Structure formats: C-alpha cells, structure tokens
Amino acid sequence: MKGYGSVKLLLKISYLGSAYNGWQVQKDRKTVQKTMQDAVETAFGKRFPITGCSRTDSGVHANMFCCTVEFGDIRTSIPIEKIPVILSRLLPDDITVYDACRVPDSFHPRYDATGKEYIYLIWNGAVKNPFLTERAMFYPKPLDVNLMNEAARCFLGKHNFASFMSSGSKITDTIRRIDTSRVEREGDKIMFTIAGNGFLYNMVRIMAGTLIEAGSGKIAPNDVSEIIRACNRKKAGATAPSCGLYLNRVFY
C-alpha cells in the first residue's frame, strides 16, 4: 500500500456475535460492521467503505467472514501484511482480523462468492455447559444423531427450499444447491455442517430446528423430503436460536 493508487483490500475476520446486532450497520445499535469501520478509521484517519460477504443476524458468529475495505487513493507506508495485526489491536477481544490481501476494484465479497459453509452447534447434555453459553443451543433432551444425519442427507442436491425460509422474507428465487449436509456427535456436542451455493434468510436455523425434530422422534428422517417438496414454511421445524450458528467458510 505504499504510495498512491486505488487500493481495495479483502479482510478475513473472525468474531463472536453475542454482543452484536449482526453484521450490518444499524442506527444506535452495536454491529460488527460499525466496529470494523471504527477500527479502520482509527488506524488510517478516515472512514472508508466496508462491504461484507453476508448479513449475519444478531447473535450469530463467524469463524470466517470476508469483507472489503475501499481505500481509494491512499498514501501510507503500512505493508498489507501488517494490517491484520494493527486492526486486531484496535478491535475488541471478540473480533479479530487474521488475513488481508489486495483484490481488484471489481471484486465484491458477496456477489463473487461461489458458496458458503455454516455450522450449527448444539449442546445436548443433561445440564448446560457454561463455556458454551451464547455459543451453542442448549437442548437437554435426548437426540439420536443417526436419525438427524439421515434427515440431513435429504437436503443434498438442488431443491426449492421455500419451506426453510423465514416467513417474512420477500425473496422469490428460493432454489439453492446443497453440496454438504451432515450431523456429527462428539460427546454431548452435536454439530450440523452444511455448505452450498447460497442460503435463504434463516435457512440454516430452520434446518437445524427440523433436524432436532427428527432426532427427537417427532418426525421421521424421510419426512424432510416431503417438507422440502411442500414449499411451505409451516411444515418445517422451529427456527433454532441464533447462538448456535457459525459462518464457517466462504468460497471464492
């Protein structure tokens, strides 16, 4: 970034979303985007445009979140490789920047993404785990992970996922392709991993809520295929809480 010239950087960040009202800037609310803008302004003396790869909801976390900073014509002696360290020192402990690279002016972190991977985490112990408070859904009743995994396989492929979209969403193109969908257990921790070319509003959380119904015996695993075909939000399970959701990877 030495000297003059149009500069656009892609930053890779991680954050715990518990204390934030999602990614996007909102008036009089604490958000990840605004916190990032404040850190960049402190480091470089000017408020530059920051664009994210997704609009994560309040309480949702990210192991990998990508955003661009458009510096425009800037003069600075700071090497790009030093920017993650500088910004991370200015950010609160629940947000960190771990990578930075230069991208073309035409690059868009959302529209150039070819897919995303999410994780939904459930603590399925008889008692709560204080170390996972606001970082996993607490579900103390027994869950059969084999039934959940069988149900999760129904999501694979290209489908109309209207049944798994928030009823308040105005999106009309509800067809998405799912490439990975599995459920695993490690002790009392259950992890639902799903990756695809795109996701509808609250889609993963509704999927997780539906898988819980399969794991608790309320529905049969094969019922998930019928729920998909119904294209009716009322047929799917409840929306699982935001605390268990993590944006895990973004693909370009």
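Details of the structure are given in the entry above.
Below or above, wherever it landed, is the structure these notes cover. Here the structure is a predicted model, which means the values were calculated and not measured.

### Overview of helix H2 (residues 83–90)
Residues of H2 that are buried include every one of Ile 83, Pro 84 and Leu 87, and no others. The buried residues of H2 occupy an angular sector of 95° when projected down its axis, which confines them to one face.

### A short note on the layout of surface pockets
In this model, the largest pocket occupies a volume close to 840 Å³. Within the residue set of the lining of the largest pocket, elements represented by two or more residues are strand E5 (115–123) and helix H4 (203–215). When its residues are assigned to classes, the lining of the largest pocket shows 13 nonpolar, 12 polar and 7 charged. Empty space within the second largest pocket amounts to approximately 150 Å³. If one sorts the elements of the lining of the second largest pocket by residue count, strand E2 (residues 50–52) sits on top with 3 residues. Split into classes, the residues belonging to the lining of the second largest pocket amount to 3 nonpolar, 6 polar and 2 charged.

### Quick word on the pairing of strand E3 (residues 61–73)
Relative to E3, E2 runs antiparallel, the two being bridged by 3 bridges. Pairing of Thr 51 across the sheet is with Thr 68, part of E3. Looking at chain direction, E3 and strand E10 (residues 245–251) are connected through 2 bridges and run parallel. Across the sheet, residue Ala 62 finds its bridge partner in E10, namely Leu 247.

Reading the values: rules and limits
- Residues numbered from 1 in each chain as written.
- Predicted model: local features only at pLDDT ≥ 70, side-chain atom pairs only at ≥ 80, totals over all residues.
- Heavy atoms only, no water.
- Buried < 20%, exposed > 50% of the residue type's maximum accessible area, 1.4 Å probe, protein only.
- Helix = DSSP H or I, 4+ residues; strand = E, 2+ residues; numbered from the N terminus.
- Arc of directions from axis to C-beta.
- 1 Å grid on protein atoms, 1.4 Å probe; cavity = no way out; pocket = protein on both sides within 12 Å on 5 of 7 lines; lining within 4 Å.
- Points joined across faces, edges and corners; volume = space filled by probe spheres on them.
- Nonpolar A, V, L, I, M, F, W, Y, C, P; charged D, E, K, R; others polar.
- Pairing = 2+ DSSP bridges.

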